[in-house]
Amino acid sequence: MDRALAVLSQIEEDAKKVKPTDVEKEVDLEYDIGLLLASDPNPLDHDALHSADRDGYLQRLARDNCQLLFNRLYQLPTQTKDDVTTVNLPAAQLRIPREKPAPKPKPLTKWEEYAKAKGISRNKKGKKIWDTELKRWVPRYGAKKAQADREKNWVMEVPANVDPNTDMFAKAAEKKRERVAKNELQRLRNVKRNMKVPTVGVTPKDVTKSSTSELTEAAALARRSTASLGKFSQRLPRDAPTKERGKRRQFAPAVGDTRGEVRGQLELLQNLGRKEKGAVVDTEKAANRLIHQEQRERAASKEDKPKKGGKKRWIPNTKKGEKQKKAIAKKAGKGRKGAKGR
Amino acid sequence: MGVKGRIEKTKTRKGKKHLESRAPKLIENEKKLMLLKGHKTNAVLQECLKDLASLKRPHSILLNRKRDLLPFEDITPVEQLAAKMDASLFAIGSHSKKRPQNLVLGRMFDHHLLDMIELGVQNARALHDFKNAKVAAGTKPCLLFAGEPFKDNDTYVRLKSLLIDFFRGEQATAVRRAGFEHALSFTASQEGVHMRSYRVTTQRAGGQTPRVELEEIGPSLDLVLRRHRLASDDLFRRALKQPKELKTKKVKNISDGKLGAQMGRIHMEKQDLRKINTRKLKGLKTGRDAALAAAERKQAEEVAG
């Protein structure tokens, strides 16, 4: 009996020593385990925040939230490998913006497109090849391969159909250079295909190597590159007529839908009559314009009288002025007399 | 276009790898933090910048030169520097009479500004003010946010997203259970955000989960919200866009059978039975009989003739 009591009291003491791992919260936290994130929506204790022991309160709060997060973390499935227990984190739920936009898919090269269409798949090649002459594994490419090649080709035969004084090594080197240049040219061609740079009209082009479409495009560009956008550019008799560029206006056919025409006209009349919403004509503005026009006409008609006499110029009453007056009179006289054919 | 689409090929493998590392990728690198000093900085702010750099080490770079930067007026010098350093997070510290101990935290998208928030640092305590053992660099921290503003206030919501972006660490699928050693807590009150950093220790408790204890290691900052320039909704949505390839594909028509074997359904398309490729056996060829008969007849004629 005593022993039982002793054991029970020992258990109680042990239980007291061990601190609890559960935390009481009004509202449960929001967890994002993938980010190791725990958000506490509960209201804060503002008195504690403003008290002297702010840091203590913050630490207690953080400890409680961290405990809850750990409770969640320890529920995740674990794996043990080499005495290390790891936990698999799920994907993050909260979306974080990326630092760069998603990569665009690489455009396929000419060969890749053909291979895809034909269903040709790549054979994985080994990095080293067994060389039967040298009896060892030689890398497929690189400096060591070049070294092995030099070992193998320490002598090169001059075949019968070739001039006996040719340098076979130089020829081999030349061939290699040609192969490298061809590869580079094809690479650049692939780059150019996918670059979407205007090929016409920007850089001078070899006319003999351009396609028909490129030439017509170049001609059209040249025709368009005038101040009037090619409206008055002369065209050769056999040139293709230019495509209409820019905004296209649609005109309804002259004969055909009479009912639709009637409807349209009636609608227009209605809109003209409307004063507020959907008013096509602003009656006030139109009236003002008419009034203004009449006034201008009246003013112009008043001005007409001296106008009939000719442009009135203000000439000062000086010697120079006298000269000017004479000159004008002479001109006027000449004009009239000239008209009569004298 | 990528590295392969360049006109000039990279001359070295190292150069090629460097460019590939900076190019847009499916799974991105950890965001690098660039710390800059403004026209004038005081001792407290300099300590603060140093501590932030050490929190994000090795994905941080602290530039020592003081630059005449006014991010809210002209952000282009910052954008250019960030593009050069390949850093998408930045922190600019400056001190003036009008804005004492000012810290501008921001992030970039595609080398252009996404968000930036200006905070005033108060009651700062640096890492060396806490005389205790710290946490290893590169530890993925537990992020704890408390306070209603982080849910209600739009600016605070963005600030929360920004802080998560800053401190979330590497994207890891598997973490050592004993490796949860660092905790960062951000508590939002009326005055602003209180940032505290703790080391996490665990003790055996009765149940499965251990008892968690925290020890403050610093830095400890009280941040007051000042100005902000946040991204427009559509720019933010563009930045959030994930590439299609990362979406987990749903596996259809396959289920786990009752005895442990996987059961699947195959849906066949309609086949033209005349065009099916079967094994070709010579004997089954049409017209073979007639051809054989004709050959025999010929042979017979030759023999006879």
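Residues numbered from 1 in each chain as written. Chains lettered and ligands numbered in written order. Predicted model: local features only at pLDDT ≥ 70, side-chain atom pairs only at ≥ 80, totals over all residues. Heavy atoms only, no water.

S.K.: Which residues make up the interface of chain B and chain A, and what values go with them?
M.R.: Taken together, the 78 residues of chain B in the interface contact 56 residues of chain A. Here chain B and chain A share an interface that buries about 6200 Å² over both sides, 59% of which is from carbon and sulfur atoms. Contact with chain A buries surface across chain B, with B:Arg177, B:Phe180 and B:Arg211 losing the most and accounting together for 11% of the total. For the pair chain B and chain A, the number of links is 7 salt bridges. We note a salt bridge from B:Asp222 to A:Arg54, for which the minimum N-O separation is 2.9 Å. (Contact = heavy atoms within 4.5 Å. Buried area = accessible area lost by both parts, 1.4 Å probe. Salt bridge = Lys/Arg side-chain N within 4 Å of Asp/Glu carboxyl O.)

S.K.: Go over the environment of B:Asn123, please, and point to the residues and values.
M.R.: Within the secondary structure, B:Asn123 sits in strand 5 (residues 112-125). Engagement of the side chain of B:Asn123 in a polar contact is seen with the side chain of B:Asp222, the distance being 2.8 Å. (Helix = DSSP H or I, 4+ residues; strand = E, 2+ residues; numbered from the N terminus. Polar contact = N/O pair within 3.5 Å; in protein donor to acceptor, adjacent residues only side chain to side chain.)

S.K.: Quick one: what's the story with the pattern of salt bridges, residue by residue and with numbers?
M.R.: By the definition in use, this model includes 29 salt bridges over all chains. Residues A:Lys100 and B:Asp86 are paired through a salt bridge, measuring 2.9 Å at the closest nitrogen-oxygen approach. Here the residue A:Lys100 occupies a position in the loop between strand 4 (84-88) and helix 4 (110-118), and B:Asp86 occupies one in the loop between helix 3 (76-85) and strand 3 (89-94), the pair thus bridging two chains. B:Asp86 matches A:Lys100 in its accessibility class, with the two residues each being buried. When salt bridges with common partners are traced through the structure, they connect A:Arg54, A:Asp55, B:Arg125, B:Glu191, B:Arg196, B:Glu216 and B:Asp222 into a single cluster. (Buried < 20%, exposed > 50% of the residue type's maximum accessible area, 1.4 Å probe, protein only.)

S.K.: Describe the sheet that holds strand 4 of chain A, naming the residues involved and giving the relevant values.
M.R.: Sheets are built from strands paired through backbone hydrogen bonds, the pairs being either parallel or antiparallel. The strand order across the open sheet built from 3 strands is 3(A)-4(A)-7(B), with neighbouring strands paired in antiparallel fashion. Each having just a single partner strand, strand 3 (78-81) of chain A together with strand 7 (174-176) of chain B make up the two edges of the open sheet. Neighbour-to-neighbour, the strand axes of this sheet turn through a mean angle of 35 degrees, independent of strand direction. Bridging between strand 4 of chain A and strand 7 of chain B involves 3 bridges; their strand directions are antiparallel. (Pairing = 2+ DSSP bridges. Axes fitted to C-alpha atoms, helices over the stretch in contact; angles between N-to-C directions.)

S.K.: Please provide a residue-by-residue account of the packing of aromatic side chains, values included.
M.R.: Residue and element names in this part refer to chain B. Under the defined criterion, the tally for this structure stands at 9 aromatic pairs over all chains. Consider the rings of phenylalanine 145 and phenylalanine 186, whose centres lie 5.1 Å apart with planes at 20 degrees: the pair is stacked. Of the two residues, phenylalanine 145 is situated in strand 6 (residues 142-146) and phenylalanine 186 in strand 8 (residues 182-188); the sequence distance between them amounts to 41 residues. Here phenylalanine 145 and phenylalanine 186 have matching classes, each one buried. In this structure, lysine 160 packs its charged tip against the face of phenylalanine 145, placed 5.4 Å from the ring centre. Here arginine 227 stacks its cationic end above the ring of phenylalanine 72, 4.3 Å away from the centre of that ring. (Phe/Tyr/Trp six-rings, centres within 6.5 Å; stacked < 30°, edge-to-face > 60°. Lys NZ or Arg CZ within 6 Å of the ring centre and 35° of its normal.)

S.K.: Go over the confidence of the model for chain B, please, and point to the residues and values.
M.R.: Any segment with low pLDDT has predicted coordinates that should not be analysed in fine detail. With 99% of its residues at a pLDDT of at least 70, chain B reaches an overall mean of 90. Scoring the predicted complex yields pTM 0.68 and, for the interface, ipTM 0.81. (pLDDT = per-residue confidence, 0-100.)

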